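# Chains, contacts and geometry: an overview
In case you want the letters, here they are:
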Amino acid sequence: MKADLGDLSAFVAVARAKGFRDAARATSSSASGLSDAVRRLENRLGVRLLNRTTRSVVPTEAGLSLLARLEPVLSEVESALDVVNGFRDTPTGTLRLNVPVSAARLVLPSIVPRFLAAYPEIRLEVIADESFVDVLAAGCDAGIRYEERLEQDMVAVPIGPRVQRMAAAAPDYLARRGRPAHPRELLDHTCMRARFASGAMIRWSFEQGGETVTIDPAGQLLVQVGGAIDLTVDAALAGSGIVYLFEDWLRPHIESGRLEPVLEPWWPQFSGPFLYYPGRRLLPAPLRAFVDFIRADAARPAS
């Protein structure tokens, strides 16, 4: 019983994404085309592979069994085909990266233009996402995460310098409410808070002289990590409270005097962002080019 490789790939994409629309976005194809492909495969095999409702698409027992056998095989096929790409003068293809908004704003701008200029035949697709999805299930080749959010069994390559979180507030706010001398005093202040798409709150951690203090301060403004982070900066500039973010967001306002540092001796540093990807033997040529580019960038002497 023969099955078309394209239909098999379509089934794997839909099963991974758990939906036709998400699979279509991940594979740059149409949902209707994927639906037709899965239907052809089911008719050819004579068994239902996916249970479909208006809200979800879930593999059947037969579908799960087929998926488990197909994924490693198709991965090897992709790797085998990509070997040919290595014989080209320049790599070609699409590289999909899943990154947090902070990396899209603070890390990639210094890298992407130079990478695109070095590899004109590579198409780079960046998906800014704060939900910490499985990059493979999302149809991406690699992702960028900070150390505490790295997935297990992944290769991690540093892609930026160590980062620092800092707290700051407008001078008029500090004049009204006073300047905290210890992180626990933040519990008596108005603080701008943020949470991940999962609903988990971002706790505020500080450290000094071997002492680490982690708190959950209160505040009137709560935003979801992503594009709304800029709103917390604007609110702090307007004197609404204390903000706690990566240095790149706040340093320009501190240097201009519109914000003043709060608890500066307690500001923590931690490992910077990492490019991470599955540790398989053969990498797609666009991803290999990007990894080599990042490593060469890191090895270049600072100017």
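The structure this text deals with has already been given above.
These numbers come from a predicted model, not from an experiment.

## Remarks on the packing of helix H1 (residues 5–17) against helix H2 (residues 20–27)
For any two helices packed against each other, the geometry is given by the interaxial angle and the distance between the axes. Where H1 meets H2, the axes come as close as 8 Å, and the angle between the chain directions of the two elements is 115°. As for how H1 packs across H2, the hand of that crossing is right-handed. For the pair H1 and H2, the contacting residues are Ala-13, Val-14 and Ala-17 in the first and Phe-20, Asp-22, Ala-23 and Thr-27 in the second. By residue class, the composition of the contact of H1 with H2 is five nonpolar, one polar and one charged.

## Topic: the pairing of strand S10 (residues 211–215)
Sheet topology note: the strand S9 (residues 204–208)/S10 ladder contains five bridges and is antiparallel. Directly across from Ser-205, in S10, lies its bridge partner Thr-214. Hairpin geometry of S9 and S10 is characterised by an intervening segment of two residues between the two adjacent antiparallel strands and by a positive phi of about 55° at Gly-209.

## Thoughts on the packing of aromatic side chains
For any pair of aromatic rings, the description rests on two quantities: the centre-to-centre distance and the angle between the ring planes. Under the counting rule described, the total for this entry stands at five aromatic pairs. Ring geometry for Phe-115 against Tyr-119: centres 5.1 Å apart, planes inclined by 40°, an arrangement best described as tilted. In terms of burial, Phe-115 and Tyr-119 fall into one category: buried.

## Focus on the packing of H2 against helix H3 (residues 31–45)
The contact between H2 and H3 brings their axes to 8 Å, and the two run at 110°. As summarised for this structure, H2 and H3 are arranged roughly perpendicular, according to the angle between their axes. Contacts from Phe-20, Arg-21, Ala-23, Ala-24 and Thr-27 in H2 reach Ala-31, Leu-34, Ser-35 and Val-38 in H3. Residues of the contact of H2 with H3, tallied by class, amount to six nonpolar, two polar and one charged.

## A closer look at the nonpolar core
In globular proteins that are soluble, nonpolar side chains generally tend to be buried together. Grouped together as the largest cluster of nonpolar side chains are 65 residues, with contacts concentrated most on Ile-242, Leu-250, Leu-275 and Phe-290. Element by element, the count of residues in this core is highest for helix H10 (residues 285–299), at six residues. Each residue touching Ile-242, except ones within four places of it in the same chain, is listed here: Ala-167, Ala-168, Ala-169, Tyr-173, Pro-180, Leu-186, His-189, Thr-190, Cys-191, Met-192, Trp-204 and Val-262. With 21 residues, the next largest nonpolar core counts Ala-10, Ala-15, Leu-50 and Leu-74 among its residues.

The rules behind each value
Every chain is numbered independently, its residues counted from 1 as its sequence is written. Side-chain atom pairs in this predicted model are given and counted only at pLDDT of 80 or more, local residue features only at pLDDT of at least 70, and totals for whole chains, interfaces and linings cover all residues. The side-chain figures draw on all heavy atoms in the structure; neither hydrogens nor water molecules are used. Think of each axis as a best-fit line through the C-alpha atoms, taken over the contacting stretch in the case of a helix, with angles from 0 to 180 degrees between the N-to-C directions. Secondary structure elements follow DSSP: runs of H or I of four or more residues count as helices, runs of E of two or more count as strands, with numbering from the N terminus. Left-handed is the label given to a crossing in which the near helix is rotated counterclockwise from the far helix by less than a right angle, and right-handed is the label when the rotation is clockwise. Whether two residues are in contact is decided by their heavy atoms: any pair within 4.5 Å suffices. Note on residue categories: nonpolar means Ala, Val, Leu, Ile, Met, Phe, Trp, Tyr, Cys or Pro, charged means Asp, Glu, Lys or Arg, and polar means any other residue, Gly included. Strands are labelled as partners when DSSP assigns at least two bridges between them. Pairing of aromatic rings covers Phe, Tyr and Trp, the last through its six-membered ring, and needs centres within 6.5 Å; plane angles under 30 degrees mean stacked, over 60 mean edge-to-face, and all others mean tilted. Under the scheme applied here, a residue whose accessible area is under 20% of the maximum for its type counts as buried, over 50% as exposed, and between as partly exposed, the area being computed with a 1.4 Å probe on protein chains only. Comment on the angle field: the value is read as roughly parallel under 35 degrees, roughly antiparallel over 145, roughly perpendicular from 65 to 115, and oblique elsewhere. Note on terminology: a nonpolar core comprises buried Ala, Val, Leu, Ile, Met, Phe, Trp, Tyr and Cys residues joined through side-chain atoms within 4.5 Å.

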